[in-house]
Amino acid sequence: MGTGAEDVEARGLLTHEVTRSVACTTSMQLERSWWRKKVPAFMLVLGIIGLMSHNVLTRTPPVPVVSDATVTTEGELITTYDADTGPFACAGASAGLAPGTGDGTTWRCIGGACIGAAQKCDGIPQCRDSSDEQACSGSASAGNMPSVGVPATGSSSGVAPTGSSSSSSSSNSNLGGAWGSSTGNTNDYGGMSAGSNPAVAPPPAPAPAPVLPVPTPGPAPPGSSSSNSISFPKASSYQPPPPPESSGGTNCFEKAGVTYAEAWRAQGTGFWDKFDYMTNDENFMPIQYLTREAAQEKQVTVAYEDRAILRAGPRAGHLKRTSAKVVTKQKWTYFLMAAKLNHVPWGCGTWPAFWTRSPDVAWPNGGELDILEYANEIASRSSLHVGVANKCTLDQSEFRKPGCPQFIEAEFNYTGDSNCVTHYPEAIGCAPNHLPLMTGEEMAAQPIIMAAEWTKDFIKIFRIPAAQAPPDLEAGTPTPDQWDQFIVAYYPFAASERNNPGSCPNSANLLKAQQLVLQLGFCGDWGAKVWLNSTCANNKGPALPSECVAVDPHNPMGEQIAGPRDCCTRFITDEQNQYGADEYLRQNAYFDVAWIKVFQR
């Protein structure tokens, strides 16, 4: 699972504010004799104060946006506007304004950008669509702004649909405590009979929800779904028909010739003792990843004799929901990993991932293998990510041999070139998968075993129905050379280098030592971005486009990332309990893991 700080190249764009500052500094350097001019000092002071007052009164300054990749300002996002006098990107409280409304400090253009409140109806069009000079009743006074549902200054609105209540009943979820039941039914999974519904999270205890202003939502600004239509032209659940296959092929896959022995396992009540908890989010999610102590307190991670649970947790303040991301304390070079999953998370707004990472080398040069990953209703696919320093392009003829299982490159809407180098958003890795892919809902219907074999020559991903578990795996002496019928992804990097010298020159060290990562995320720069093209739109959460927009965090077009107008964020956080998200997540959004094992030679 690529992370935002690692996935996204810093834009390197100068903001208008920085440009102005540089110009001013240059001018001062060229005019070192300015102080010799006979200008009274008090006039200079008055002029400086006047300029500062003008900037403060006529526009809201850009709000800094901080990521691990770069520090910029929202001003650079509206590059076609005049940053000195014209619109700027809405951020903070102003991002909650509906188009065509103001809060006394800022006014939002119908097109989606913001201007200073004093510029509304001043006789000079500032918005690109001139909406700031409409409905002015013939006056240029800023006091003639329409008084449409306006949040209090400094507040951040939930932008609930028209007619919804700004307060909530006692059925709202517990924002601060563990998920518990007011009826005493805590759904403790210990002692559950075999075949019963596993690990459905307990319902939240009653507690009041935050009282938020409820402005009238305006229409979605044109283009506010960002690059969705370009990056994801097809429905997000799209996959092509599987290519025709025939039997009789030979040497379909390379073999390791190894019988493995168990080296590590996580199982039973001490399951989570084998993991560290990570709290960083680099995918622009409306999420709070919890520490070990907090995750246990809120029952986001729990362990029993026969299973371990990682589930969506309660809300955490404004526009956040809790969850967990765990990483193994150990790392391995070359291994066979197998995990028995009784249930996997699925559903709108969810982004589950089971993947590997290098703790020693910066991403992507340390390598990343996504074993299982998907968002919303998109089917799961495996993918591999490396850097330029350890480049690798797979030879597609190696996984499209006549008479053998056929694998399709699943990146770029199934048109990728199998270049595993990753440099988002231009290069997104390689993903040779066997079709049809399975959705999270399909995989959750019955227990499965996900396995990954990494050798110096190749990587194989296996998906095995638990009822068909290979006897050698159950005996603890797995020989995956015999599991060809279960292979769902294949990365033949050594064969690719033999066929095309220079294509994968360092295949034996393509990845550095890897840890296993299990996490449940929400929305972010995948799930939120593709909401427009998913079946979730106008099925879960607020109506699109009248009440929300699908915000692409890498091209927000003036919208607040994971903010009150993002459709996915609004549904997942469900601050007014309008959309039934708590119960939806309780029923669907959880990992139920019987065990995870790592084998080596």
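Look a little higher up for the structure.
Residues numbered from 1 in each chain as written. Predicted model: local features only at pLDDT ≥ 70, side-chain atom pairs only at ≥ 80, totals over all residues. Heavy atoms only, no water.

A. Examining the packing of aromatic side chains more closely. Considering all chains together, one arrives at 18 aromatic pairs under this definition. On the numbers, 5.3 Å between centres and 65° between planes, the contact of W264 with W332 is edge-to-face. With a gap of 68 residues between them, W264 in strand β5 (residues 261–267) and W332 in the loop between β11 (325–328) and β12 (335–343) connect regions that are remote in the sequence. Each member of the pair, W264 together with W332, is buried. Judged by centre distance (6.3 Å) and plane angle (65°), the ring pair of W332 and F335 falls under edge-to-face. When its relative accessible area of 3% is taken as the criterion, F335 is described as buried. Taken together, W264, F271, W272, F275, W332, Y334, F335 and W454 form an aromatic cluster joined through their ring pairs. Here K597 stacks its cationic end above the ring of W595, 4.4 Å away from the centre of that ring. (Phe/Tyr/Trp six-rings, centres within 6.5 Å; stacked < 30°, edge-to-face > 60°. Helix = DSSP H or I, 4+ residues; strand = E, 2+ residues; numbered from the N terminus. Buried < 20%, exposed > 50% of the residue type's maximum accessible area, 1.4 Å probe, protein only. Lys NZ or Arg CZ within 6 Å of the ring centre and 35° of its normal.)

B. Here's a closer look at the pattern of salt bridges. Under the definition given, this model contains 14 salt bridges. R565 is the partner of E559 in a salt bridge, and the nearest nitrogen-oxygen pair spans 3.1 Å. Residue E559 is classed as buried on the basis of its relative accessible area, which comes to 1%. Each of D306, R307 and D592 takes part in salt bridges that share partners, so that together they form one network. (Salt bridge = Lys/Arg side-chain N within 4 Å of Asp/Glu carboxyl O.)

C. Region of the structure containing the state of the cysteines. Per the stated rule, a full pass over the model turns up six disulfides. Covalently, C252 is tied to C404 through a disulfide, its sulfur atoms 2.0 Å apart. Disulfide C252-C404: the torsion about the S-S bond is -80°, which places it as left-handed. Separated by 152 residues along the polypeptide, C252 in the loop between α4 (228–231) and β5 and C404 in the loop between β15 (383–385) and β16 (407–409) bring together distant segments of the chain. (Disulfide = S-S within 2.5 Å.)

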